[in-house]
Structure formats: structure tokens, C-alpha cells
There are 2 protein chains.
Amino acid sequence: MKAYKEMTKEELEKEVVALKAQYKKYQEMDLHLNMARGKPCKEQLDLSMGMMDVLNSNEDLTCEDGTDCRNYGVLTGIEEAKVLIGDMMENNPDNIIIFGNSSLNVMYDTIARAYTHGIMGNTPWCKLDKVKWLCPVPGYDRHFGITEHFGMEMIPIPMNENGPDMDLVEKYVSEDPAVKGIWCVPKYSNPTGISYSDEVVCKFARLKPAAADFRIFWDNAYGIHHLYEDADRQDYLVEILAECKKAGNPDMVYKFASTSKITFPGSGIAAIATSLNNLEDITKTMTHQTIGHDKVNQLRHVRFFGDIHGMTEHMKKHAEIIRPKFEAVEEIFDTELSGLGIAKWTIPNGGYFISFDALDGCAKKIVEKAKKAGVLMTDAGATWPYHNDPKDSNIRVAPTYPPLEDLKTAATLFALCVKLVSAKKILEEMQ
Amino acid sequence: MKAYKEMTKEELEKEVVALKAQYKKYQEMDLHLNMARGKPCKEQLDLSMGMMDVLNSNEDLTCEDGTDCRNYGVLTGIEEAKVLIGDMMENNPDNIIIFGNSSLNVMYDTIARAYTHGIMGNTPWCKLDKVKWLCPVPGYDRHFGITEHFGMEMIPIPMNENGPDMDLVEKYVSEDPAVKGIWCVPKYSNPTGISYSDEVVCKFARLKPAAADFRIFWDNAYGIHHLYEDADRQDYLVEILAECKKAGNPDMVYKFASTSKITFPGSGIAAIATSLNNLEDITKTMTHQTIGHDKVNQLRHVRFFGDIHGMTEHMKKHAEIIRPKFEAVEEIFDTELSGLGIAKWTIPNGGYFISFDALDGCAKKIVEKAKKAGVLMTDAGATWPYHNDPKDSNIRVAPTYPPLEDLKTAATLFALCVKLVSAKKILEEMQ
């Protein structure tokens, strides 16, 4: 089929009639499908059920150093969990704090702490007139939700296939002391699926911030979440803490990770990796906030995986379940949309998302149309600060949760909505 | 033996010589005993090991409403956990949010939220010149640690056998709009062990705060933690949410509780109970902070206890283990110290502490002397804001953690230190 923009008005009108008829059939199917959130599916959760068996009443819940995990204490996490998560994050266990079940909560708390008490002796952000934050777009809605909640001025930074536009990042960070942070999902990015190039990571490490309390919020949520086993289809990310240290910026980054998409999203363990100076600063507040996080769950994770090799083997099983889902969506998009000149989408090597770009001004209408036929997508605009995608073109596609057959139906319907909305839009422009 | 103050100088000097000889013997024993923290002992933790078995790989981790506890979602906690904890807290499940493993963390977050975003539309506390906080004394050091960390001016309020001095509370709360909160451990109080009388609770409910965002922080940490089964040795506390509602102050109280001293201190579940207005206010921030707390652990608690009756039966087993410890300490204090006119202590019906009052100016020296002989007590002063006990008399005694025989040794040594320091002090005053 030829590109929509190359069609005559008559050809396009005929296409719209045909698409409307197809859409009507879907509406009659009374679908209830969800491609909105990056949630693991049931089969993925089942992979970790063995974790429910490793700690039972016959087991000793004592750490290697003699700590009884059931009792109070151990503010920053048990040592064996730091080793496991250290290997997962590619950081020294001494640079790690293990938290509760949510890395989002750790990020929120990190900003809240800077807001109430300041970072390493700097003025608390609540005492400043203005705090600005860099937001690579498209990005993760819950990141933007936190910085919006704290009233920060969010500045969109365009993403390309290598990461954020570093010229722009360098300019803002070096010139404006009100710029205090940037959100990054550096590997298998949410939602574009790309990983930051070596050059981009090195440029991050070598930033010269105007603000002493500027921090990179490095949310490495998908660090070991490959879709493929072949080395040439696995992305590699330069380790940012080491680079920052080399560049003389040892304290410039907070790195976050969790097991949410490794074991159970609601019941995993989250962690921060950062410099010893930052750790000391964090624990000054943490010591008032809690006596310690859930050590039994930390031990449960350690006993289940044994070591990082156990964890990477476990990740292969996740990949086996979700790879066919990504490929199905990609194949349907290719079949239904290639050559029409109305859409672009990413083909990631890992992570949880495909980023979809429709014609300008079409994203909201596409998501609405899909919803009316029973397929829920992430809200259009969600990938931008303030839910405001100025081009109204980006849509995040989350293929992991629905069963494969449902997913195929949902992706086909979605592609149909893309065609229908795009064809109508082009027709309008012809008027 | 007669009271020290009634002894002649010679008698007292002789007593000091004898006490010093005894003390030396203890020093030679190379003791390492700990009566510092309110930690359950190993036997208490063993009571909950069955909780490690109720969720295994053969079990369905699905809630009654179909929620898969392993996955993301359910911000405020699963319904069956709200029912169980609602029964524990004597509140409607609809008034409850279930959090992670630490009620201290919930209290910290509640203050942090008021500080950063304000309570129900009121000015965020970080924007105020001064925030004042009422601190019943002696009280819980970790409470005071939070309010000190946020720079609040802490005002000590004397405790008596019925609770805080309500005349003083009423005066501060009604006259000063900078007074934003008060810490309360209303039942089996930390450390005095007393429970607030009906009249005190009703006076709390009927406060007329000058500040619209004044809140009572009602930390009912020991709500079902009786030491005795006899009804006449169990304290009863009037339910504060209901009283506040009746008094036209429905939003004035945040009530906190956890299972930390019911199951595992590090791996329990914590909760808040409050009005629907407050809940709505809290969830506005929570929705940015986390996708939800650990539902698997919530389900684990529900499946282990079944219902509140299961939980109260479980608490009887705790009492059987720790009651002899409290009684041993009380008996030793009685034998060693009664009639000497140098000490008073509480005899609680529940909770985790005995509050000990030495002669003025003796607490620090007693704790130091005990430490030098290998017995660690809570730091003298810890029960006061800023660690500043103006009389230097109060010491918190925590009998639960050490094995009974160790505890007896520790209590006897402690009593010896009390006698030695007191005798010397009285002698000095005779000079």
C-alpha cells in the first residue's frame, strides 16, 4: 500500500470507509485489553514462586554475620543483599543501601530529603525560590509526577537514539544554578527502549554543574532486563559511578535499581548506589526515618538467587516469556503500518516498552479511539512533563502484561486506530 | 535497711565501701548485657515462624477481590489486611492505610508531608518561621528525633499516672497557632507503661486548637500488648478517632500502629488510621511516592492470623515469655531498692518498658556505671527532647530482650549502680 500522504483524496476517503468498517467490528467484540502499564504478566510472576519456599519455619533466618533478620536493626541492609544487588548494579557493596519494596519511593524520598534538609550541607530546596529539573522526553510519567508534586520547573530535553541531547543538558547544567537534577532511565529507556551511548554517559560524568547540589537521578530500572541472549542484541551501559569518580565528580549521581521486574513488583527490594559522601548524607536522615527495612525479604531474595549468576539465569526465563510479545507487536506494526508514512516505533533490545510516534496532533485521538474499542493505552502526553506533549505524537506501548493472543488483538486494533486517525487527519489537511 | 538519707555519714560510708566491693565483683565477670532497646527476644520471634510457611509455592497469592498480591498496585493496602488491622486498631477498615514495615517511617513521612506540602491545604510547615511540638516526658527518643530533625521547637509536657498534663496541653494548643502537633504513646506508654485515662483521652478529643493543621500523633504501638490475662490487669483505652468525631474534631488525629512487636520487628506491617479527609490528603502525596507497599507481606500476615482472635491468642504467647522478665526486674528492684528512698519505678500492665526515676542528678552516672560493668541501658536523657532531662533522673529499662538469667544479673547490677551512685551523692551533700 502506498503512503497515505501520496494518496489522492478519493483513495484516502475509500481507505477511511474501509477502516471504519473494521473498527466497528472490533467495537462489537467488547474487548477489555490493557497495554497501559509496564507490568509483568502472570507467567513471569510464577517464575519467582520458589522464592516463597526458601524461607520456611525450618530455616534459620540469620545472616552470615549473625544478624537475626527477624528483629530490629541494620539500617542500610544486610551485607549479603548488598553483595547481590551490588553485582546487579555493577557497584561495590559498600556503596549501596538496600531499601523497601519500591525504587520510586527511594527516588521520592531522595528528592523530599533534598527539599527538607538539603544535599550535603547545601540550602534545602524548600528555601529556594526556584528549582528546575531536566526531563528527557519522552520519559517516565511517574518521574515527572514526583518533580511536579514538588513544584519544580520541568524542562524537556529531547531524546535521540544515543540518549538525551547532551549539548542542551550541558548548557542548562553548567549555566543555571537553579537546575538541580535530571531524570535518566539510561538502559532500555522508558519508553524509547534505547540505551545511552558510551559518549553520552561520559558526557554526563564530565558535566560541570553550576549548582553544587546538582544530582543525576540515574534510574537503572532495566539494567539486566535483556530480551535477547545474543551478545549483539544486548545493550551495554558504561557504569556511571566509576565514570563520575574518574571525572572528579564522585558525588554527582544517585543510581537507583530494584528487583520489581525480576521477582515480584510489589514485594521486591530496592536500592541506591552512590558515593560514600552521599551515603553518609542520606543515612543522617534515614536514621530518623526508620530503624531499618525488611531484612527478611532481603534474605529471601539472596537465598532464592544465590548470586548474580542465578539472577541472570532467572532473567533469561523472563525474556523467553516477553520476547515473543515484543516481537508480535513489532510484526503487527510492521505489517499494518510500514510504508504508510504515518508512524515510527522503536525496536528495543530490552526493557518494558516500545515508544510509538504518530503524526503530529494524532496521539490523543488514537489513544481515545483505542479506548472506545476496549484497548487501554498509557495516556497520550504521559511521557512528557505536565502531561503536555507539544506535538501530541508520542504513545508508550507496554506489551508485557496481556496474554499473547490478547496482545495481538490489541496491537492490531491499535494499528487500525493509528491508520484511521492519521487518514482522517491527512484528509482534513487536504480540505 | 533504712533510707539512705536517714543514715549517718559513717553508716553511709560503710555502705559505699560494701557496694564498691560488690561492684568490683561484677566488673570481674566481664558481662555483656543489654537492657537498652525494646526488642523482642529470640523466643518471641520464634512464635511467628509459622508465618514463613503460610505463603509457599503451592499457595495462591490472590486476594479475596482477585488482586494478585505479587504484582503492582493497590496503593492503600489489601482489603483483608485493612480488616485485620482495623480490628487491631479498633477502627473501620475504610479509615486505614497499610504501609510498609515501619510505623516510625509512617510518622516520619507524615511530618515530612506536612513540612513539604502542608496538611489539607494549610501552609507547608517549611514555609513557617516556627513550628512547635508538644512532647510528653518521659517519652520515646525516636519520636523526639524526628521533630528535632525537622527543626521544631520541642516543648516538654510532664506525664502523670493518667497521661500528659492536660491543663498544659490545652493551654499550648488553644493559645499558640505555632503548636502543630503532639507525640502520644497512649497505651502502655513508652517508657512509663501507663495508659491514658478516659478523661485524658476525652480532653484530647475536645481540644480547641489555634492551628487548623494541629494534629495529635497517636502512636498506639502497644494497643494489644498486655502482660496479663486478667481483665483487671489489662488497661483499656478510649478510642480516639471516635471521640474526636463526636467532639467535632474528626480530622485532628493520626493514629499509628504496626505488627512490629507482634510478628517480626523488621518485617511486619504498619498502618495509619484517620479520618477520610486526612486519608484523601495523604493519598494525594502517596500516589507520587509509591505504586504500593508490600502486599505479599500483608497477605502473609492475614493468612497467618486469620483474624483478630488469632492475633490476640498470639499475644498471650508473647506475654507468657516476657511477663516473667518484667516480674523478675520488679522483684529485684523491690528487694534491692525499696525503702532506701533513692528510686521510684513503674509496674506496667503491658508494653515494653519500665520507667525508672533515680535521685535528681544521678541518672547519667548510674547508666555510665552500669556500662562500665558491661550492662548497656538506654542513654540517660534519651527520654527527653534534645536528650536533655533537666533533673537527670529518668532511665528507661527494657526487660524483654535478654534471657531471663542474664536479665536478673543485669537488673541486680543496675540496682547496685543505683545504690552506689545515690549513696555517694547523698554523702557529697553531707559535706
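One can find the structure itself at the top, above this paragraph.
None of the values given here were measured: they were computed from a predicted structure.

A.B. asks: When you look at helix H12 (residues 363-372) of chain B in this model, what are you seeing that I'm missing?
C.D. replies: In an α-helix, one full turn covers 3.6 residues, which means residues spaced three or four apart are oriented alike. Residues and elements named next belong to chain B. Residues Ala363, Ile366, Val367 and Ala370 constitute the buried set of H12. Buried positions in H12, seen along its axis, are confined to an arc of 95° and lie on one side of it. Those residues of H12 hidden inside the fold are in contact with strand E11 (354-358), strand E12 (375-377), strand E13 (394-397) and helix H13 (404-430).

A.B. asks: Whenever I open this one, the packing of aromatic side chains confuses me. Can you help?
C.D. replies: Within this structure, the stated rule accounts for 39 aromatic pairs over all chains. With centroids separated by 5.3 Å and ring planes inclined at 80°, the aromatic side chains of Phe217 of chain A and Tyr254 of chain A adopt a geometry described as edge-to-face. Taken together, the residues Phe217 of chain A in strand E7 (residues 215-219) and Tyr254 of chain A in strand E8 (residues 253-258) connect sequence positions 37 residues apart. Pairing Phe356 of chain A with Phe414 of chain A gives two aromatic rings, centres 4.9 Å apart and planes at 80°, and the pair type is edge-to-face. Highlighted residues: Phe356 of chain A in strand E11 (residues 354-358) and Phe414 of chain A in helix H13 (residues 404-430), separated in sequence by 58 residues. Assigned by exposure class, Phe356 of chain A and Phe414 of chain A land together as buried. For Lys261 of chain B, the ring lying beneath its charged end belongs to Tyr352 of chain B, and the centroid distance is 5.3 Å.

A.B. asks: Can you walk me through the sheet that holds strand E4 (residues 153-160) of chain B in this structure?
C.D. replies: For sheets, the rule is that strands pair by backbone hydrogen bonds, running either parallel or antiparallel. All names here are of chain B. An order of E2-E9-E8-E7-E6-E3-E4-E5 is seen for the eight strands of this open sheet, with the pairing classed as mixed. Each end of this open sheet is capped by a strand with a single partner; those strands are strand E2 (96-98) and strand E5 (163-164). The pairing of strand E3 (residues 132-137) with strand E6 (residues 179-184) spans three bridges and is classified as parallel. Looking at the pairing, Lys132 lines up with Val179 of E6. On top of the sheet, helix H9 (residues 276-289) reaches E2, strand E7 (215-219), strand E8 (253-258) and strand E9 (270-273); it is set at about 30° to E2, its chief contact.

A.B. asks: What's the story with empty space enclosed by the protein in this structure? I'm lost.
C.D. replies: Rolled over the atoms, a probe as big as a water molecule pinpoints where empty space is left. Considering all chains together, one arrives at nine cavities of 30 Å³ or more under this definition. Those elements giving two or more residues to the lining of the largest cavity turn out to be helix H4 (103-117) and helix H9 (276-289) of chain A together with helix H4 (103-117) and H9 of chain B. For the lining of the largest cavity, the per-class residue count stands at eight nonpolar, 18 polar and six charged. Within this model, the second largest cavity holds a volume of roughly 130 Å³. In this structure, the second largest cavity is lined by 15 residues; those nearest its centre are Tyr108, Asp109 and Ala112 of chain A together with Asp109 and Ala112 of chain B. Listing elements by their share of the lining of the second largest cavity, those giving two or more residues are H4 and H9 of chain A together with H4 and H9 of chain B. In terms of residue class, the lining of the second largest cavity is made up of five nonpolar, six polar and four charged.

A.B. asks: Would you mind showing me how to read the interface of chain A and chain B here?
C.D. replies: You'll often see interface size given as the accessible area lost when the parts meet. Contact residues are listed per partner, giving 57 residues for chain A and 57 residues for chain B. Here chain A meets chain B over a buried area of about 4,800 Å², counting both sides, of which 51% is carbon and sulfur. Counting across the chain A and chain B interface gives two salt bridges. A salt bridge links Asp46 of chain A to Arg70 of chain B; the shortest N-O distance between them is 2.7 Å. Across the chain A-chain B interface, the total number found is 26 residue pairs in polar contact (both at pLDDT 80 or more). Counting residues per element, the ones that place at least two in the side of chain A that touches chain B are helix H2 (42-46), H4, helix H5 (141-149), H9 and helix H10 (295-305) of chain A. At seven residues, the largest contribution of residues to the side of chain A that touches chain B is made by H4 of chain A. Classifying every residue of the side of chain A that touches chain B gives 20 nonpolar, 22 polar and 15 charged.

A.B. asks: Explain the pattern of salt bridges to me, please; I cannot follow it from the model alone.
C.D. replies: Side chains bearing opposite charge may pair, as long as their charged atoms lie close to each other. Under the definition given, this model contains 38 salt bridges over all chains. The partner of Lys255 of chain B in a salt bridge is Glu239 of chain B, with the nearest N and O atoms 2.5 Å apart. With Lys255 of chain B in strand E8 and Glu239 of chain B in the loop between E7 and helix H8 (240-246), this residue pair connects regions lying 16 residues apart in the sequence. Residue Lys255 of chain B shares its accessibility class with Glu239 of chain B, and that shared class is buried. It is possible to trace a salt-bridge network through shared partners that takes in Lys42 and Asp46 of chain A together with Asp68 and Arg70 of chain B.

A.B. asks: Just checking my understanding: could you explain the environment of Lys372 of chain A for this structure?
C.D. replies: Among the structural elements, Lys372 of chain A can be located in helix H12 (residues 363-372). Residues in contact with Lys372 of chain A, not counting those within four places in the same chain, are Tyr23 and Gln27 of chain A.

A.B. asks: Honestly, H4 of chain A in this entry has me stumped. Any pointers?
C.D. replies: Residues and elements named next belong to chain A. Here H4 contains 15 residues, and its C-alpha end-to-end distance of 20 Å stays within 8% of the 21 Å for a straight helix at 1.5 Å per residue. Burial analysis of H4 places 14 of its 15 residues in the buried class, the great majority of the element. With a side-chain oxygen lying 3.4 Å from the backbone nitrogen of Leu104, the N-terminal cap of H4 falls on Ser102. One or two residues past the end of H4 sits Gly118, with phi positive at roughly 80°.

A.B. asks: Please clarify how a negative patch on the surface should be interpreted in this entry.
C.D. replies: Together, Glu64, Asp65, Glu79 and Asp94 of chain A make up a region of like negative charge exposed at the surface. When you line up the elements, Glu79 of chain A lands in helix H3 (residues 79-89).

A.B. asks: Is there a simple way to explain the packing of helix H6 (residues 166-175) of chain A against helix H7 (residues 198-205) of chain A in this structure?
C.D. replies: Helix-helix packing is characterised by the crossing angle of the two axes and by the distance between the axes. Residue and element names in this part refer to chain A. In the contact formed by H6 and H7, the axes pass within 11 Å of each other and the chain directions differ by 5°. By the angle between their directions, the pair H6 and H7 is classed as roughly parallel. Residues Met166, Asp167, Val169 and Glu170 of H6 lie in contact with H7, whose contacting residues are Val200, Lys203 and Phe204. Along the lines of polarity and charge, the residues of the contact of H6 with H7 split into four nonpolar, no polar and three charged.

A.B. asks: Explanation requested: the relation of the copies chain A and chain B in the structure shown.
C.D. replies: One copy of the chain maps onto the second through a rotation around an axis plus a translation along that axis. The transformation that overlays chain A on chain B combines an axial shift of 0.0 Å with a rotation of 180°, and the residual RMSD is 0.0 Å. The transformation relating the two chain copies, once decomposed into turn and shift, fits a two-fold axis. Most of the interface of chain A is mirrored in chain B, where 100% of its interface residues again form contacts.

A.B. asks: Can you help me understand the nonpolar core in this one?
C.D. replies: A general trend in soluble globular proteins is that nonpolar side chains are found buried together. Of all hydrophobic cores here, the largest spans 70 residues; its most connected members are Trp183 and Ile272 of chain A together with Trp183 and Ile272 of chain B. Dropping the residues within four chain positions of it, Trp183 of chain B is found in contact with Met107, Ile111, Trp133, Leu134, Cys135, Pro136, His143, Phe144, Ile146, Thr147 and Phe217 of chain B.

A.B. asks: What am I meant to see in the pairing of E7 of chain A here?
C.D. replies: Two faces belong to every sheet, and in a regular strand the side chains alternate between them. All names here are of chain A. Counting buried positions along E7 gives five out of five residues, so the element sits mostly inside the fold. Sheet topology note: the strand E6 (residues 179-184)/E7 ladder contains four bridges and is parallel. Of the residues in E7, the one forming a bridge with Ile182 is Ile216. What joins E6 to E7 is H7, and the crossover it makes is right-handed. With four bridges joining them, E7 and E8 adopt parallel strand pairing. Residue pairing across strands places Asp219 opposite Phe256, the latter belonging to E8. In terms of handedness, the path from E7 via helix H8 (residues 240-246) over to E8 forms a crossover that is right-handed.

A.B. asks: Which parts of the structure should I look at to understand the side chain of Lys419 of chain A?
C.D. replies: Residues and elements named next belong to chain A. Tracing the sequence through the fold places Lys419 in helix H13. Given the relative accessible area of 8%, Lys419 is considered buried. Engagement of the side chain of Lys419 in a polar contact is seen with the side chain of Glu336, the distance being 2.7 Å.

A.B. asks: I would appreciate a short explanation of unusual backbone geometry in the present structure.
C.D. replies: Peptide bonds are mostly trans, and most non-glycine residues show a negative phi. A cis amide bond links Asn190 of chain A with the next residue in sequence, Pro191 of chain A, at an omega value of 5°. Mapped onto the elements of the fold, Pro191 of chain A is located in the loop between E6 and H7. For the peptide bond that leads from Val137 of chain B to Pro138 of chain B, omega is -5°, which places it in the cis range. On the secondary structure map, Pro138 of chain B appears in the loop between E3 and helix H5 (141-149). Unusually for a residue other than glycine, Met120 of chain A sits at a positive phi of about 45°. Considering the arrangement of structural elements, one finds Met120 of chain A in the loop between H4 and strand E3 (132-137).

Parameters at a glance
- Residues numbered from 1 in each chain as written.
- Chains lettered and ligands numbered in written order.
- Predicted model: local features only at pLDDT ≥ 70, side-chain atom pairs only at ≥ 80, totals over all residues.
- Heavy atoms only, no water.
- Buried < 20%, exposed > 50% of the residue type's maximum accessible area, 1.4 Å probe, protein only.
- Helix = DSSP H or I, 4+ residues; strand = E, 2+ residues; numbered from the N terminus.
- Arc of directions from axis to C-beta.
- Contact = heavy atoms within 4.5 Å.
- Phe/Tyr/Trp six-rings, centres within 6.5 Å; stacked < 30°, edge-to-face > 60°.
- Lys NZ or Arg CZ within 6 Å of the ring centre and 35° of its normal.
- Pairing = 2+ DSSP bridges.
- Axes fitted to C-alpha atoms, helices over the stretch in contact; angles between N-to-C directions.
- 1 Å grid on protein atoms, 1.4 Å probe; cavity = no way out; pocket = protein on both sides within 12 Å on 5 of 7 lines; lining within 4 Å.
- Points joined across faces, edges and corners; volume = space filled by probe spheres on them.
- Nonpolar A, V, L, I, M, F, W, Y, C, P; charged D, E, K, R; others polar.
- Buried area = accessible area lost by both parts, 1.4 Å probe.
- Salt bridge = Lys/Arg side-chain N within 4 Å of Asp/Glu carboxyl O.
- Polar contact = N/O pair within 3.5 Å; in protein donor to acceptor, adjacent residues only side chain to side chain.
- Expected span 1.5 Å × (residues − 1).
- Patch = residues over 30% accessible without salt bridge, like charges linked within 9 Å, V, L, I, M, F, W, Y side chains within 5 Å.
- Areas by Shrake-Rupley, 256 points an atom, 1.4 Å probe, with all protein chains shown as cover.
- Lys, Arg positive; Asp, Glu negative; His and termini not counted.
- Charge placed at Lys NZ, Arg CZ, Asp CG, Glu CD.
- Parallel < 35°, antiparallel > 145°, perpendicular 65-115°, else oblique.
- Least-squares fit on C-alpha atoms with pLDDT ≥ 70 in both.
- Core = buried A, V, L, I, M, F, W, Y, C linked by side-chain atoms within 4.5 Å.
- Right-handed = clockwise from strand over helix to strand, strands pointing away.

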